[in-house]
Amino acid sequence: MSIPFLIIAAVILASAWAAVSLRNLVHCGLCAALSFLATGTLYLYLNAEFLGLVQLMVYVGAVAVLILFTVLLTRPATEAADAVPTKRPAFWKGALIAITVGGAVASCLAVYAAPKASTAPELSIQEIGRLLTASQQNVLALIIVALLMTTALIGALLLAAPAEEDTKGGGA
Amino acid sequence: MTLVERIDQAPLLLQRWAVSFFPALLQPWVAMLISAAAIIGVFASLFALSTLAERKGLGRIQNRPGPNRVGPFGMLQPLADGIKMLIKEDIVPLRADKVLHFLAPIALIVPSLLVYSVLPIGRNLIAMQCQLGVLLFFAIGASTELSIFMAGWGSHNKYSLLGSIRAIAQMISYELPMVLAAVTVILATSSLDTVNIVEAQAGGFWAWHAFTPWGAIALLTFFICALAESNRAPFDLPEAESELIAGHLTEYSGFKYALFFMAEYLGMMAISGMAITLFLGGWQAPLPILNFIPSWMWFFGKLACFVVLFIWIRGTLPRLRADQLMNLAWKFLLPIALLNIGLAGLWVKSSGWIAWPISVILLGLAIVGLGRLLRGSRPRGGKRIYRYAD
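Everything quoted here is computed from the prediction, not taken from an experiment.

About the thresholds
- Residues numbered from 1 in each chain as written.
- Chains lettered and ligands numbered in written order.
- Predicted model: local features only at pLDDT ≥ 70, side-chain atom pairs only at ≥ 80, totals over all residues.
- Helix = DSSP H or I, 4+ residues; strand = E, 2+ residues; numbered from the N terminus.
- Rg over C-alpha atoms; globule rule 2.2 N^0.38 Å.
- Buried ≥ 20, exposed ≤ 12 C-beta atoms within 10 Å, placed from the backbone.
- Contact = placed C-beta atoms within 7 Å.
- Domains from an automatic or database assignment.
- Axes fitted to C-alpha atoms, helices over the stretch in contact; angles between N-to-C directions.
- Parallel < 35°, antiparallel > 145°, perpendicular 65-115°, else oblique.
- Left-handed = near helix turned anticlockwise from the far one by under 90°.
- Nonpolar A, V, L, I, M, F, W, Y, C, P; charged D, E, K, R; others polar.

Draft legend 1. Geometry of the overall build of chain B. Helices and strands together make up the secondary structure of chain B, namely 15 helices and 0 strands. Relative to the compact-globule value of 21 Å for 390 residues, chain B shows a C-alpha radius of gyration of 22 Å, a close match. The buried share among the 390 residues of chain B stands at 42%. Sequence separation of 24 or more characterises 77% of the internal contacts of chain B that already satisfy a separation of 6 or more.

Draft legend 2. Broad picture of helix α7 (residues 144–154) of chain B. Of all 11 residues that make up α7 of chain B, 11 are buried, and the element is covered over most of its length. Within α7 of chain B the residues assigned to the buried category are T144, E145, L146, S147, I148, F149, M150, A151, G152, W153 and G154 of chain B. Buried residues belonging to α7 of chain B abut α2 (25–45) and α3 (49–74) of chain A together with α5 (98–114), α6 (133–142) and α8 (158–189) of chain B. Phi turns positive one or two residues past the end of α7 of chain B, at H156 of chain B, with a value near 55°.

Draft legend 3. Up close: the domain arrangement of chain A. Considered domain by domain, chain A is made up of domain 1 (1–82) and domain 2 (124–161). The straight-line distance from the C-alpha centre of domain 1 of chain A to that of domain 2 of chain A is 26 Å.

Draft legend 4. Molecular detail of the packing of helix α2 (residues 10–19) of chain B against helix α3 (residues 27–61) of chain B. All names here are of chain B. The N-to-C vectors of α2 and α3 enclose an angle of 140°; their axes lie 10 Å apart at closest approach. Judged on the interaxial angle alone, α3 and α2 are oblique. Of the two possible hands of crossing, α2 and α3 adopt the one that is right-handed. Mapping the contact onto sequence places P11, Q15, A18 and V19 in α2 and Q27, V30, A31, I34 and A38 in α3. Its residues assigned to classes, the contact of α2 with α3 shows 7 nonpolar, 2 polar and no charged.

Draft legend 5. Up close: unusual backbone geometry. The backbone phi angle of N47 of chain A is positive, close to 70°, even though this residue is not glycine. Mapped onto the fold, N47 of chain A is located in the loop between α2 and α3. Given 12 C-beta atoms within a 10 Å radius, N47 of chain A is considered exposed. Its identity as a non-glycine residue notwithstanding, H156 of chain B has a phi of 55°, on the positive side. Mapped onto the elements, H156 of chain B comes out in the loop between α7 and α8. A residue is classified by how many C-beta atoms lie within 10 Å of it, and H156 of chain B, with 18 of them, is partly exposed.

So this is what it looks like as structure tokens:
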């Protein structure tokens, strides 16, 4: 294991730990963003450039902002400091989820045969594009995702468009 | 190497000469360091120059002389401003989130400088040639939203928070048509590498992407979005000094304020540089006869034109209303950009001339139709009701 890898891994773990243990929800959100950022860096370090940059764009650029906006819009900023309850009513539910997810991951790892060490394939962006569009299976998935996105976009526009009564009332 | 080529490659030769003094083990690191230092040095001084140009230009537009006291014709004004910013007291609000308040300007300036690494400034002059250059540019640019949020939230000031929320909403909305406009170029050159994109436009100005039907519209879309992304007038609602004091900049003073200011200008120049790379031939000369002028001079010349255009627009156009801002992005630019991608595909498949009339007709119809829709969508009838201003 090299030193850059250790540094990146330490940042990922530390910021993920901070994201679930800090008292201030905005700080938690920002730490989660740092964790996303470090994960993207890890991908870049492992030469998975496309994955790394998409991770940065989607998670740091969009998901982190979504989290922060949700925090801001659902509670006043003044109570953020001591908003996290000190009691833990959800402890058992949390434990149940943790055991389920952990079990699933562990059972997958148990049957997973680690590949023999080989050189990582040099995958250029053109090849990724070809893989996505050449085989029939992938094209179908791509089209379905695109349709889903378009539907979501149109839905968002419809939600955002003012109802008829509002516009007649003089720009409310 | 002829003299012309030697001048053209002067920055690279200088770098090699400087690197050759170091032991072989250190050389790649030194080369990287020199590229980074050159980018910071050149673009930071361009920032200083463009603040002067902006104050002078805006002054002339508003029929006043602008700064004219420090040095001949006020030329040393940026220097004086810099010294003033450095020695000013740094005020942190009592109830501010000290850590975020401190980190925000740093988290903003780092990505603003990082995006320059994929801009080809001249022939062979690029800090980091990367297969995914265009994607890298937008991915890093997306992280500036978080730093603006940090600034707004960390200041513990409602104006700051409002300003930063406005800024983020605006940046997210305009990022979409901007990236879609860039996609047309990626489609046409089938490459995400900025160097390849510039080389695909070699030969003269008629080979530039801006001189194709989809390229012209994409450049226009990209430019409007660039104005919005860098929070410049007429999209400077986040700072709207008459309503929000200065948005997320309100609680910043001294050098931290200067860093925000610098990040704004650096962002403006980086996006202009990207527009030049994607649509206006990058460092290519407009005519093959003019190739004796060094390639980096062409790049900086085009960049200067863009900066002047930004200043000119700031001096002439009034600020948009928030609803106009959102309508423009979602109801006008986004559909146009989507249609444009289809037309770029048509252009690639039909090899040119057939695509011209189809593109012109379709784009003309779309622009006129959507424009009418946009005009129709403003609040009509009755008198305006001011809820809070009575």
